[in-house]
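In case you want the letters, here they are:
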Amino acid sequence: MVPGWLDELAAQHADVNALVFDDNGTSFTELAKRSRTVAAGLADLGIGSGDVVALWLPNETDWLVAFFACARLGAVVIAVNTRFRAVELAGIFDRVRPKAIVYRPRFRSVNFAPVLADAIAITEAPPPLEIVAGEKTSAGAVSLEELTERQHGPSETSYGGELSERSDLIMFTTSGTTSVPKFVLHSHKSIVHHARDVARDFAMDDSNAAMLQALPYCGVFGFCQAMAALAAGRP
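Since we're looking at a predicted model, the values are computed, not measured. (Residues numbered from 1 in each chain as written. Predicted model: local features only at pLDDT ≥ 70, side-chain atom pairs only at ≥ 80, totals over all residues. Heavy atoms only, no water.)

A. View of the packing of aromatic side chains. For the structure shown, the criterion picks out 8 aromatic pairs. Feature note: the residues Trp63, Phe67, Phe68, Phe172, Tyr217 and Phe223 constitute an aromatic cluster, connected by ring pairs. Against the face of Phe183 rests Arg95, its NZ or CZ located 4.1 Å from the ring centre. (Phe/Tyr/Trp six-rings, centres within 6.5 Å; stacked < 30°, edge-to-face > 60°. Lys NZ or Arg CZ within 6 Å of the ring centre and 35° of its normal.)

In C-alpha cells form, the structure reads like this:
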C-alpha cells in the first residue's frame with residue numbers, strides 16, 4: 001500500500017531530499033511526517049475511507065503531501081487539471097461528488113477562488129469542504145497550515161479503513177473520444193508497482209540523478225515521473 005511504501009522510503013532514505021521547491025528541500029522523513037499530520041487533520045474534518053478528495057493544485061510540495069495524506073486515510077483522490085475552469089470543475093463535482101477540494105486560491109495570473117465559487121453555483125452536488133494552500137478566501141475554508149499545526153492523538157500514525165493493495169487510490173481525467181472526460185481509477189498496488197518499474201527501467205536511481213518536474217502532477221505522465229523519482233530515492 002502507498003502509505004507503507006512511503007514510510008519504507010522514509011526509513012531507507014531519511015534526510016535525503018524527496019523534492020525541492022522554491023529552493024526549499026523536503027526530506028523523505030519530512031514528507032512522510034507531514035502526510036501523517038495532514039491525514040490526522042483531514043480525519044478530524046470527517047474525511048475517511050472511500051471519500052473522494054479533489055486535488056486542484058499546481059506542482060508544489062503540498063500536492064504530494066495532500067496525496068499521501070489521503071492515501072493514509074483510504075480516501076480516493078481525483079487529480080484536477082489546473083487548466084480546468086468552472087464548467088469542467090462542476091462536471092467533476094456532479095459525477096464524483098468530492099467531499100473536499102484542496103486548492104490554492106491564486107497562482108500566477110489565475111484566481112482559482114472565484115472559479116470554484118462559479119462551479120459550486122452551477123453544480124447539483126453538495127459543495128465540497130474547501131481546504132486551501134495559502135491564504136483563506138472563504139469563511140468556511142480550512143488551511144493546510146492549520147491542519148499541520150493541530151495537535152493529534154494516536155490516530156495520527158494509523159491508516160484509514162481496511163486498506164489493501166487493491167484499494168482505490170487516485171483518478172485521472174482523460175481526453176478520450178467523448179464530449180466529457182472519462183475518469184480512470186488506479187489502485188495502491190498499480191501506483192507502487194509502476195513507480196518501481198519506471199525507476200528501474202529508466203535508471204532513475206543513479207546516484208547523481210535528479211528529476212526536473214516540468215510536467216504537472218495532475219496528469220498521468222507528470223504523476224508517474226514524481227512517483228518513480230520517489231521510488232528511486234532521488235529528488
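B. Main features of the environment of Ala113. Mapped onto the secondary structure, Ala113 falls in helix α5 (residues 112–122). Taking the C-alpha atoms as reference points, Ala113 and Leu6, 107 residues apart in sequence, are found 31 Å from one another. Apart from the residues within four sequence positions on either side, Ala113 is in contact with Tyr103, Pro105 and Thr137. (Helix = DSSP H or I, 4+ residues; strand = E, 2+ residues; numbered from the N terminus. Contact = heavy atoms within 4.5 Å.)

C. Examining the packing of helix α2 (residues 28–44) against helix α3 (residues 61–73) more closely. Between α2 and α3, whose axes approach to 8 Å, the crossing angle comes to 60°. Here α3 runs oblique to α2, going by the angle between their axes. Seen from above, α2 lies across α3 with right-handed handedness. Contact residues: α2 offers Leu31, Ala32, Arg34, Ser35, Arg36, Val38, Ala39, Leu42 and Ala43, while α3 offers Thr61, Asp62, Leu64, Val65, Phe68, Ala69, Cys70, Arg72 and Leu73. (Axes fitted to C-alpha atoms, helices over the stretch in contact; angles between N-to-C directions. Parallel < 35°, antiparallel > 145°, perpendicular 65-115°, else oblique. Left-handed = near helix turned anticlockwise from the far one by under 90°.)

D. Local environment of helix α7 (residues 188–201). With 14 residues, α7 should cover 20 Å at 1.5 Å per step; its first-to-last C-alpha distance of 20 Å lies within 8% of that length. On the buried face of α7, the contacting elements are α1 (2–13), α3, β10 (168–174), β11 (182–187) and α8 (220–232). Note on α7: the residue one or two positions beyond its end, Ala203, has a positive phi of about 50°. (Expected span 1.5 Å × (residues − 1).)

E. Here's a closer look at the pattern of salt bridges. Counted according to the given criterion, the structure contains 9 salt bridges. The residue Asp7 makes a salt bridge to Arg72 at a minimum N-O spacing of 2.7 Å. Linking Asp7 in helix α1 with Arg72 in helix α3, this pair joins segments that are 65 residues apart in sequence. Residue Arg72 is classed as buried on the basis of its relative accessible area, which comes to 1%. A salt bridge links Arg200 to Asp201; its shortest N-O distance comes to 3.1 Å. For the pair shown, Arg200 and Asp201 are each scored as exposed. Within the structure, one salt-bridge network assembled from shared partners comprises Arg34, Glu60, Asp62 and Arg104. (Salt bridge = Lys/Arg side-chain N within 4 Å of Asp/Glu carboxyl O. Buried < 20%, exposed > 50% of the residue type's maximum accessible area, 1.4 Å probe, protein only.)

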